[in-house]
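Report on the structure
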Number of protein chains: 2
Amino acid sequence: MTLALPLGSTIGIIGGGQLGRMLSVAASRLGFRCHVYEPGANPPAGQVADQVTTATYDDEAALRTFGQSVDIITYEFENIPTEALDLLQDLAPIHPGRESLRVSQDRLTEKTFLRELGLRTAPFADITDAASLEAALDQIGMPSILKTRRFGYDGKGQARIMTPGDAALALADMQGAPAILEGFVEFSHEVSVIAARSMDGAVAAFDPGENVHSDGILRTTTVPARLTANQRTDAVLIAAKIANALNYVGVMGVELFVTPAGLIVNEIAPRVHNSGHWTQNACTVDQFEQHIRAITGWPLGDGQRHADVVMENLIGDDMDRVLELAKTADCAVHLYGKAEVKPGRKMGHVNHVKRA
Amino acid sequence: MTLALPLGSTIGIIGGGQLGRMLSVAASRLGFRCHVYEPGANPPAGQVADQVTTATYDDEAALRTFGQSVDIITYEFENIPTEALDLLQDLAPIHPGRESLRVSQDRLTEKTFLRELGLRTAPFADITDAASLEAALDQIGMPSILKTRRFGYDGKGQARIMTPGDAALALADMQGAPAILEGFVEFSHEVSVIAARSMDGAVAAFDPGENVHSDGILRTTTVPARLTANQRTDAVLIAAKIANALNYVGVMGVELFVTPAGLIVNEIAPRVHNSGHWTQNACTVDQFEQHIRAITGWPLGDGQRHADVVMENLIGDDMDRVLELAKTADCAVHLYGKAEVKPGRKMGHVNHVKRA
């Protein structure tokens, strides 16, 4: 086995949101300290981290001090500027690695990579201008969806094209950013697989969860997902294939559309994933600890699920229900320590555990 | 219901060891921040707390700044100097309250309180000098055990008296501190109950666990404990009686000896307790979150146990086994972030979860 990072080592976490927060807690359980790097003030992860640096991603001095203070680096989101990574990689190993980030930071690169692996994706085309959009619409058809190649999340940077008349407005919505046109996929539901790969190539996956979105934001994940035995196996094999191809180290989320013709890969996230929060209350080793185990050279947990569960995000005013939820038997509350409740803001989540 | 402490409030935790560390993590899960006060440098709890104050318990300025920065105060150990509490109680509410501390800080006061509640304890006598020790030995008999009234933990401050010739040396071991002589109790095994009481008087208890000690230090807690149905009920009723009598708010641990004639109270701890660590992996709401819920006015969790479990402390060189343990299915590892491994030092614990 790869040697484990020594007890008491410090893990640098880029990004101080709720994912970084829960990673820091998981790292503490294994005896590691965390140093969080985040441009925004008072990050949720900072409340449970050993150190916090508040600085922008182009602050070379701050990045250098951060990189020198940590033993390894990981991250809670994939849109880290390339220049920051170039600087940091000389100071400490980054897991998951640069190739995982390069592929997942760009929708066009990601879809091309998936196709080359022999996996199915929605039809797509590179869009550079009105002419390429017109040509792509001819080929892919409508409805379809125009997305920025980079920096999209929770439905942002996306515009639907229902008729040819929508094309110009959709292109304007991209504000000149490189874009990709994706054809609509007729799917019955979406599932995701949270998989982990260790430094020595072992892969472990949690049971797929079934996701329901609203306004582009994940609302619930239900485990087990509605899948046939074959689909369940396929889902895990697809995630493992992606992780192996990237020589991946850490936890990744793979979103899949379920169609009558099989599973279609929607997107991959090179990090712990909102749709994996259910593991906190239904597995002995959750996705956050699994990620920390993978990047520190610990043995992976087996991902065994001991209960069914529905994870429900608490978004904006959902917080009004939190004490009622806390009274419910077998309902685990997880809040993110965000000071202000805003519409559409993820404030926390609950896991409704369903015991046999 | 009592109004809950507002989201984002700060909880002051006195003591920065592993109990404070796990309390801080549990508080973060409910959206609270923690400020840890601890005389020792680099406390384990500080790695996962929002703020840390390193200062002694007689540093009035530091205590005042700490008290003014928090909304409520709790603690991870009961031996807090009275003067520090006098100062702090004017700055923020302290839970569990002063009476709980007064009773549990002193073995003589505690045993007297338990007797007055109608509960059974070992025979005991107040020891002030050689003459009172001789008289007590005549009355209680031998073997018996001489203990300091205050500041004992993990078997420290205790001396066995097997024959009259041991008395002088045992008394010298107390180094002039007020002491109590306790008669030996013939018990088959020890169990403990982790109970919680909320501000509005609701009581919830976890299933009793069975404890095995070695060299005065807890080694394992096994749940369920070997108890008859009546003993199980008795154990919970005893804990509830103590909590109600103290108008207690928070989680407490009650250690009980199991004897053919019934349950005998060994001692009470006005805090989360090592023998309750199993709840982290066998209950939806563990003892740490239960404590935070109680002191912040949240509804108590129901304490329902969803699996059998053996908690094993990792002491000193046990740390050499940690990666092997991490490989074991359904074995959850919890480390405390202590920099140095020392013989007899509690470095972490594991929960071996036994699914039906």
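Residues numbered from 1 in each chain as written. Chains lettered and ligands numbered in written order. Predicted model: local features only at pLDDT ≥ 70, side-chain atom pairs only at ≥ 80, totals over all residues. Heavy atoms only, no water.

A word on the interface of chain B and chain A. In this assembly, 38 residues from chain B lie in contact with 38 residues from chain A. When chain B packs against chain A, the two sides together hide about 3,300 Å² of surface, and 60% of this comes from carbon and sulfur. Considering only the surface of chain B that becomes buried against chain A, Q47(B), T284(B) and L323(B) emerge as the three largest contributors, covering 17% of it. At the boundary of chain B and chain A, one finds zero salt bridges. (Contact = heavy atoms within 4.5 Å. Buried area = accessible area lost by both parts, 1.4 Å probe. Salt bridge = Lys/Arg side-chain N within 4 Å of Asp/Glu carboxyl O.)

Moving on, we get to the sheet that holds strand β8 (residues 179–183) of chain A. Residue and element names in this part refer to chain A. Spatial ordering of the open sheet is given by β5-β8-β6-β7, a layout of four strands whose pairing is antiparallel. For this open sheet the edge positions go to β5 (124–127) and β7 (158–161), each flanked by a neighbour on one side alone. Adjacent strand axes in the sheet meet at a mean angle of 25°, parallel and antiparallel pairs treated alike. With five bridges connecting them, strand β6 (residues 144–148) and β8 associate as antiparallel partners. Note that in β8 the partner of K147 across the bridge is I180. Helix α6 (residues 130–140) rests against β5, β6, β7 and β8 of the sheet, and its axis sits at about 170° to β5. (Pairing = 2+ DSSP bridges. Helix = DSSP H or I, 4+ residues; strand = E, 2+ residues; numbered from the N terminus. Axes fitted to C-alpha atoms, helices over the stretch in contact; angles between N-to-C directions.)

To continue, consider the relation of the copies chain B and chain A. The relation between the two chain copies is a rotation about an axis coupled with a shift along that axis. When chain B is fitted onto chain A, the two copies agree to an RMSD of 0.1 Å after a turn of 180° and an axial shift of 0.0 Å. The symmetry that links the two subunits is that of a two-fold axis. Of the C-alpha atoms belonging to chain B, the one lying closest to the rotation axis is found on V48(B), 2.0 Å away. A high fraction, 100%, of the interface residues of chain B reappear at the interface in chain A, so the copies pair face to face through one surface. (Least-squares fit on C-alpha atoms with pLDDT ≥ 70 in both.)

Turning our attention to empty space enclosed by the protein. Summed over all chains, the structure comprises two cavities of 30 Å³ or more. Its volume calculated, the largest cavity comes out at about 750 Å³. Along the wall of the largest cavity there are 42 residues; nearest its centre are R29(A), Q280(A), D286(A), R29(B) and Q280(B). Partitioning the lining of the largest cavity into residue classes produces 20 nonpolar, 12 polar and 10 charged. Considering only enclosed or pocket space, the second largest cavity measures out at about 30 Å³ in volume. In this structure, the second largest cavity is lined by R107(A), E110(A), K111(A), K147(A), E182(A), N266(A) and E267(A). Mapped by element, the contributors of at least two residues to the lining of the second largest cavity are α5 (107–116) and β14 (262–269) of chain A. (1 Å grid on protein atoms, 1.4 Å probe; cavity = no way out; pocket = protein on both sides within 12 Å on 5 of 7 lines; lining within 4 Å. Points joined across faces, edges and corners; volume = space filled by probe spheres on them. Nonpolar A, V, L, I, M, F, W, Y, C, P; charged D, E, K, R; others polar.)

We now examine the nonpolar core. The tendency in soluble globular proteins is for nonpolar side chains to be buried side by side. Within the largest apolar cluster, 48 residues are counted, with the highest numbers of intra-cluster contacts made by I11(A), F32(A), W278(A), I292(A), W298(A) and V333(B). Membership of the second largest hydrophobic core comes to 46 residues, among which are L325(A), V350(A), I295(B) and V309(B). (Core = buried A, V, L, I, M, F, W, Y, C linked by side-chain atoms within 4.5 Å. Buried < 20%, exposed > 50% of the residue type's maximum accessible area, 1.4 Å probe, protein only.)

This part covers the packing of helix α1 (residues 18–29) of chain A against helix α10 (residues 287–296) of chain A. Residue and element names in this part refer to chain A. Orientation of α1 relative to α10, taken along the N-to-C sense of each, is 65°, at an axis distance of 8 Å. When the interaxial angle is binned, α1 and α10 end up roughly perpendicular. In this structure, α1 crosses over α10, and the sense of that crossing is right-handed. Listed contacts from α10 to L19, M22, L23, A26, A27 and R29 of α1 are F288, E289, H291 and I292. Per-class residue counts for the contact of α1 with α10 are seven nonpolar, one polar and two charged. (Parallel < 35°, antiparallel > 145°, perpendicular 65-115°, else oblique. Left-handed = near helix turned anticlockwise from the far one by under 90°.)

We now examine the packing of α1(A) against helix α1 (residues 18–29) of chain B. Think of two packed helices as two axes; the pair is described by the angle between the axes and how far apart they sit. Contact geometry of α1(A) with α1(B) gives a least axis separation of 11 Å together with a crossing angle of 160°. It follows that α1(A) is roughly antiparallel to α1(B) by the angle criterion. Taken as a pair, α1(A) and α1(B) cross one another with a handedness that is left-handed. Together, R21(A), V25(A) and S28(A) of α1(A) and R21(B), V25(B), S28(B) and R29(B) of α1(B) make up the contact between the two elements. Of the residues contributing to the contact of α1(A) with α1(B), the split by class is two nonpolar, two polar and three charged.

Residue and element names in this part refer to chain A. Those residues of helix α2 (residues 60–69) not exposed but buried are A62, L63, F66 and G67. Projected down its long axis, α2 shows its buried positions confined to an angular sector of 130°, all on one face. The outward face of α2, more than 90 degrees from its buried face, is lined by the exposed residues E60, A61, T65 and Q68. For α2, the secondary structure elements touched by its buried residues are β1 (10–14), β2 (33–38), β3 (51–54), β4 (72–75) and α3 (82–88). (Arc of directions from axis to C-beta.)

Residue and element names in this part refer to chain B. Taken in spatial order, the four strands of this open sheet run β3-β2-β1-β4, and their pairing is parallel. Bordering the open sheet on either side are β3 (51–54) and β4 (72–75), each of which pairs with just one other strand. The average angle at which neighbouring strand axes cross in this sheet is 20°, direction not considered. Note that strand β2 (residues 33–38) and β3 share four bridges and pair parallel. Note on β3: the bridge partner recorded for Y37 is T53. In the packing of α1 onto the sheet, contacts are made with β1 (10–14), β2 and β4, and the angle to β1 comes to roughly 170°. Lying on the sheet, helix α2 (residues 60–69) is in contact with β1, β2, β3 and β4; it crosses β2 at an angle near 165°.

Within the secondary structure, S100(B) is located in helix α4 (residues 98–104). For S100(B), a relative accessible area of 2% gives the class buried.

All names here are of chain A. Its 17 residues give helix α8 (residues 229–245) an end-to-end C-alpha distance of 24 Å, which sits within 8% of 24 Å, the value for a rise of 1.5 Å per residue. The complete set of buried residues in α8 reads Q231, A235, I238, A239, A240, I242 and A243. Contacts made by the buried residues of α8 are with α5, β9 (189–197), β10 (203–205), β13 (250–259) and β14. In the segment just after α8, N247 is the residue with positive phi, at about 50°. (Expected span 1.5 Å × (residues − 1).)

Quick look at the confidence of the model for chain A now. Residue-level pLDDT values for chain A average 95, and 98% of them are 70 or greater. Predicted complex metrics record ipTM = 0.94 and pTM = 0.95. (pLDDT = per-residue confidence, 0-100.)

A word on the pattern of salt bridges. All told, the structure shown has 42 salt bridges over all chains when counted by the stated rule. Put simply, E182(A) and K147(A) hold a salt bridge, and the shortest N to O gap is 3.1 Å. Of this pair, E182(A) sits in strand β8 while K147(A) sits in strand β6, placing them 35 residues apart in sequence. E182(A) sits in the buried class, given a relative accessible area of 4%. Under the relative-accessibility criterion, K147(A) is labelled buried at 8%. In this structure, R149(B) and D126(B) form a salt bridge, with 3.7 Å as the shortest nitrogen-oxygen distance. Taken together, the residues R149(B) in the loop between β6 (144–148) and β7 (158–161) and D126(B) in strand β5 (residues 124–127) connect sequence positions 23 residues apart. Among the residues examined, D126(B) registers a relative accessible area of 36% and is labelled partly exposed. A single salt-bridge network, built from bridges that share partners, covers R29(A), D286(A), E289(A) and R293(A).

The next thing to look at is the pairing of strand β8 (residues 179–183) of chain B. All names here are of chain B. Most of β8 sits inside the fold, with five of its five residues counted as buried. As defined by bridge partners, β5 adjoins β8 across four bridges and the pair is classed as antiparallel. Paired with D126 across the strands is I180, a residue of β8.

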